[in-house]
Amino acid sequence: MLASLTLILGCQLAGELFSQVLALPIPGPVIGMVILFAMLMIRGQVPAPLQATADGLLSHLSLLFVPAGVGVMVHLHLMAENWWPITAALIGSTLATIAVTALVMVWIDRLTGKAAEGESDA
Amino acid sequence: MRDLTQIWVYLSASPLLFLTLTLIAFQFGTWIYQRSGGLPLFNPVLIAVIVLVALLSLTGTSYETYFEGAQFVHFLLGPATVALAIPLYRQFERVRRSALALGVSLICGSLTAIVSALGIGWLTGASHDTLMSLAPKSVTAPVAMAITEQLGGLPSLTAVLVMLTGITGAILGPMLLTLIGVSDWRARGFALGAASHGIGTARALQESEIAGAFSGLAMGLNALATAILLPLLWRLVF
């Protein structure tokens, strides 16, 4: 547990360093994810303690967004003035993005004959 | 006995109070969500945010004071993002096999997010600040804020719009995907991550590990794609 948490934090730290030193437009944790992924590829398997730590962190992932979400209170005034464009753009654009991304992926998979690999019953 | 105001002042000076309240508000949100039978509108993050904003407003507490406690939860976002490498690794064979579909759909999705946000915002009369803060809304917060800063918008407003985009996608995304007949876990996850970054990924992880892995991947790739595409588009148009 301690070793795997250290590994995860170490990857994040390395990611932050890369991001800062090379002035990359990608945030440190995302680079950290790539580093940890590369390490897993080299190792060829996920050690059980690392799996347990990751499960712990990811099982309540949405909780971690609450503090940033409360930041909405700082901009309530500006948002009240622009509530209609903001609501329209958020809903319209988010739905359009989800539909386009999913449909393009499904179509290309169908064209290349790779459909049905990740079928669900949803 | 000291009066309540004094106790409140004492407690709110330590991180303990707002850290605990954040956990309670989220569990309350989860409870409501489960009680509603998983109705998407009762999103636990949304409920927790509403409860906390109401509480802070009623007690006259500033966001800065709140964040001193909540930052411990907020901090875990970084390690959790790194930990997304594990579902990604476990699903890598699937990712590799659909690399072409992923690449093309990501670029289409990224462009759709930017152009539709700017287009709808412009048509409905958004202010200049709002428009520029809306443009990178589908990207994970730290990247979106950096992009907005580059364009000359308001990074803190962007952070809020990014959150709201995430919640919107988590609430409406799975319903929309089912409605348009997308049942493939890979496509469902990838679309949620591309449009609604980490909050979409949290939602996708609830659907299945496959969806979660593809969603985390889309979040990372869309951060990269938008950071490159948006400033280019901006230069073309303005």
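The rules behind each value
- Residues numbered from 1 in each chain as written.
- Chains lettered and ligands numbered in written order.
- Predicted model: local features only at pLDDT ≥ 70, side-chain atom pairs only at ≥ 80, totals over all residues.
- Heavy atoms only, no water.
- Helix = DSSP H or I, 4+ residues; strand = E, 2+ residues; numbered from the N terminus.
- Buried < 20%, exposed > 50% of the residue type's maximum accessible area, 1.4 Å probe, protein only.
- Polar contact = N/O pair within 3.5 Å; in protein donor to acceptor, adjacent residues only side chain to side chain.
- Contact = heavy atoms within 4.5 Å.
- UniProt positions renumbered as here; feature names shortened; annotations may be inferred.
- pLDDT = per-residue confidence, 0-100.
- Domains from an automatic or database assignment.
- Buried area = accessible area lost by both parts, 1.4 Å probe.
- Salt bridge = Lys/Arg side-chain N within 4 Å of Asp/Glu carboxyl O.
- Core = buried A, V, L, I, M, F, W, Y, C linked by side-chain atoms within 4.5 Å.

(A) Layout of the side chain of Thr61(B). Examined against the element boundaries, Thr61(B) turns out to sit in the loop between helix H3 (44-59) and helix H4 (63-75). Note on Thr61(B): relative accessible area 9%, which makes it buried. At 2.7 Å, the side chain of Thr61(B) forms a polar contact with the side chain of Thr59(B). With near-sequence residues (within four places) excluded, Thr61(B) lies in contact with Met73(A), Trp8(B), Phe18(B), Leu56(B) and Tyr66(B).

(B) Representation of the UniProt feature "transmembrane region" (unreviewed entry) in chain A. Residues and elements named next belong to chain A. The UniProt feature table records "transmembrane region" (unreviewed entry) at residues 24-42, 54-77 and 83-108. Taken end to end, residues 54-77 has its terminal C-alpha atoms 39 Å apart, with 50% of it in helix and 0% in strand. End C-alpha atoms of residues 83-108 are separated by 37 Å, and the span's content is 100% helix alongside 0% strand.

(C) Quick look at the confidence of the model for chain A. Considering every residue of chain A, the mean pLDDT works out to 89; 92% of them sit at 70 or more. Mean pLDDT across the elements of chain A ranges from a minimum in helix H5 (residues 76-81) of chain A, with 88, to a maximum in helix H6 (residues 83-111) of chain A, with 95.

(D) Region of the structure containing the domain arrangement of chain B. Residue and element names in this part refer to chain B. Splitting chain B by domain gives domain 1 (1-61) and domain 2 (80-237). For domain 1 versus domain 2, the distance between C-alpha centres works out to 28 Å. On the side of domain 2, five residues touch domain 1, which itself brings six residues to the contact. For the pair domain 1 and domain 2, the summed buried area comes to about 510 Å², and 77% of that belongs to carbon and sulfur atoms. Taken together, the links from domain 1 to domain 2 amount to zero salt bridges.

(E) Summary view of the nonpolar core. Grouped together as the largest cluster of nonpolar side chains are 85 residues, with contacts concentrated most on Leu36(A), Val66(A), Val70(A), Tyr66(B) and Phe190(B). In contact with Tyr66(B), other than residues within four places in its own chain, are Val66(A), Pro67(A), Val70(A), Phe18(B), Thr22(B), Leu52(B), Leu56(B) and Thr61(B). The next biggest cluster of nonpolar side chains, apart from the first, holds 16 residues, and it includes Ile114(B), Val139(B), Ile147(B) and Leu230(B).

(F) Highlighting the pattern of salt bridges. Within this structure, the stated rule accounts for six salt bridges over all chains. Notably, a salt bridge pairs Glu93(B) with Arg97(B), separated by 3.7 Å at the nearest N-O pair. One end of the pair, Glu93(B), and the other, Arg97(B), are both in helix H7 (residues 92-97), four residues apart, so they sit about a helical turn from each other. Residue Glu207(B) is joined to Arg188(B) by a salt bridge in which the shortest nitrogen-to-oxygen separation is 3.1 Å. Several salt bridges converge on common partners, so that one network encompasses Asp109(A), Asp184(B) and Arg186(B).

(G) Inspection of the environment of Val160(B) at higher detail. Among the structural elements, Val160(B) can be located in helix H11 (residues 155-179). A relative accessible area of 3% places Val160(B) in the buried class. Considering only alpha carbons, one finds Val160(B) and Lys137(B), 23 residues apart in sequence, at a separation of 9.0 Å. Leaving out residues up to four positions away in the same chain, Val160(B) has contacts with Gly71(A), Val72(A), His75(A) and Met79(A).

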